[in-house]
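The primary structure of each chain is shown beneath.
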Amino acid sequence: MLTEAQKEQYHRDGFIVIPGFKSAEEIAVLRARAAQIVNDFDPSEQSGIFSTVEQEKTTDDYFLRSDNTVRCFFEEEAFGPDGQLKQAKALSINKIGHAMHDLDPVFRAFTADARLEQLARDIGLVDPQVWQSMYIFKQPGIGGEVRWHQDATYFDTDPVSVTTFWFALEDATLDNGCMWAEPGGHRGPMRERFLRNGDDVRMEKLSDLPWPDNSTAVPLECKAGSLVCFHGLLPHYSAPNRSPVSRHAYTLHVTSAATRYSPRNWIQRDDKLPVRGFL
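Residues numbered from 1 in each chain as written. Predicted model: local features only at pLDDT ≥ 70, side-chain atom pairs only at ≥ 80, totals over all residues. Heavy atoms only, no water.

- Under an unreviewed UniProt entry, the name given to the protein chain is Phytanoyl-CoA dioxygenase family protein, and the organism recorded is Duganella callida.

**As for the pattern of salt bridges**
And step 1. By the definition in use, this model includes 21 salt bridges.
And step 2. Linking Glu26 and Lys22 is a salt bridge whose minimum nitrogen-to-oxygen distance equals 3.7 Å.
And step 3. With a relative accessible area of 32%, Glu26 lands in the partly exposed category.
And step 4. The buried category is assigned to Lys22, whose relative accessible area is 5%.
And step 5. What emerges from the salt-bridge pattern is a single network uniting Asp61, Arg65, Asp67, Arg196 and Asp199. (Salt bridge = Lys/Arg side-chain N within 4 Å of Asp/Glu carboxyl O. Buried < 20%, exposed > 50% of the residue type's maximum accessible area, 1.4 Å probe, protein only.)

**Let's talk about the sheet that holds strand β9 (residues 179-181)**
And step 1. The four strands are arranged β6-β14-β9-β12 in an open sheet whose pairing can be described as antiparallel. What marks the edges here is a single partner per strand, and that holds for β6 (146-149) and β12 (218-219).
And step 2. Pairing of β9 with strand β14 (residues 236-238), which is carried by three bridges, proceeds in the antiparallel orientation. Each residue of the ladder has a partner; that of Ala181, found in β14, is His236. (Pairing = 2+ DSSP bridges. Helix = DSSP H or I, 4+ residues; strand = E, 2+ residues; numbered from the N terminus.)

**Focus on the nonpolar core**
And step 1. In this structure, Ile96, Tyr135, Phe165, Phe167 and Tyr250 are the most contacted members of the largest nonpolar core, which totals 52 residues.
And step 2. Counting residues per element, this core draws most heavily on helix α2 (residues 24-40), which supplies five residues.
And step 3. Beyond its immediate chain neighbours, meaning those up to four positions away, Phe165 contacts Leu116, Leu119, Ala120, Leu227, Val228, Cys229, Tyr250, Thr251, Leu252, Val254 and Phe278.
And step 4. Grouped together as the second largest cluster of nonpolar side chains are 17 residues, Trp148, Trp166, Leu220 and Leu234 included. (Core = buried A, V, L, I, M, F, W, Y, C linked by side-chain atoms within 4.5 Å. Contact = heavy atoms within 4.5 Å.)

**Points about helix α7 (residues 114-122)**
And step 1. Of the residues making up α7, those classed as buried are Leu116, Glu117, Leu119, Ala120 and Asp122.
And step 2. Looking at the buried positions of α7, the neighbouring elements they touch are α1 (4-13), β1 (15-18), α6 (105-111), β5 (128-136), β8 (163-168) and β13 (227-231).
And step 3. With its phi angle positive at about 110°, Gly124 sits one or two positions after the end of α7.

**Here's the deal with the pairing of strand β11 (residues 200-205)**
And step 1. Both strand β10 (residues 192-197) and β11 contribute to a ladder of six bridges, which runs antiparallel. The residue bridging Asn197 from the neighbouring strand is Asp200, located in β11.

**Brief notes about unusual backbone geometry**
And step 1. Following Gly97, the chain continues into His98 via a peptide bond in cis, with omega recorded as 15°.
And step 2. Tracing the sequence through the fold places His98 in strand β4 (residues 93-98).
And step 3. With omega at -5°, the peptide bond leading from Asp158 into Pro159 counts as cis.
And step 4. Mapped onto the secondary structure, Pro159 falls in the loop between β7 (157-158) and β8.
And step 5. A positive phi angle, near 50°, is found at Asp127, a position not held by glycine.
And step 6. According to the relative accessible area criterion, Asp127 is partly exposed, its value standing at 41%.
And step 7. Positive phi, close to 45°, is recorded for Lys138, a residue that is not glycine.

Okay, structure coming up:
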């Protein structure tokens, strides 16, 4: 899948952007399925709000039980002072997570791509295992900030192996909250570790190294259909979306079976729903 130059770029920068990885037809099918999931979602039964800014405070039973199922989460700014949605439900959802890649046939078909298997192996993942999927809406006007973080914080392995596969389902621009990343930042330490013990969660601080800023970070603007693949230790962030245009994306978190997956990671699998790869 990757040329030697692309492999060198990935190992140097900690990320690579591959334009045109998914077709407009594939994207349309996935977006339609996401819209149907949201349409069928009844928030009166149970719902949650997703935030990376105060994650320990917003991590509740609804979130924890989404590890091996499919659930919708609202944007923090979706509700008015009266507790009611300020706009239509379809324009209020932050994301769908976290096991669509295994449980939903449409998402499974999008994920089960032999090219992804080869790409994972090209960058060093032995027997790739897909732990999590998320459909991210980045809604117009209220799409929330995703603070600086490293994905290895949530998928700790020894040695670090988690790799993110992020698909742009719409154009990602500076205006609508594209990702920013620090080239080469994956060579630094893991700064935090998100730990789960039953229903108790906490964020363990591991390093005082400050997060990047715009002096060292670069925007990862890309067109719909692009795949952004990046190392689990790469610091990255996205600003709030104050534009009138959404920024839909689909993301997968993948580790190598040759590494030890921590039993304290928030997502675990057992024989009832074993972790699978791309194929």
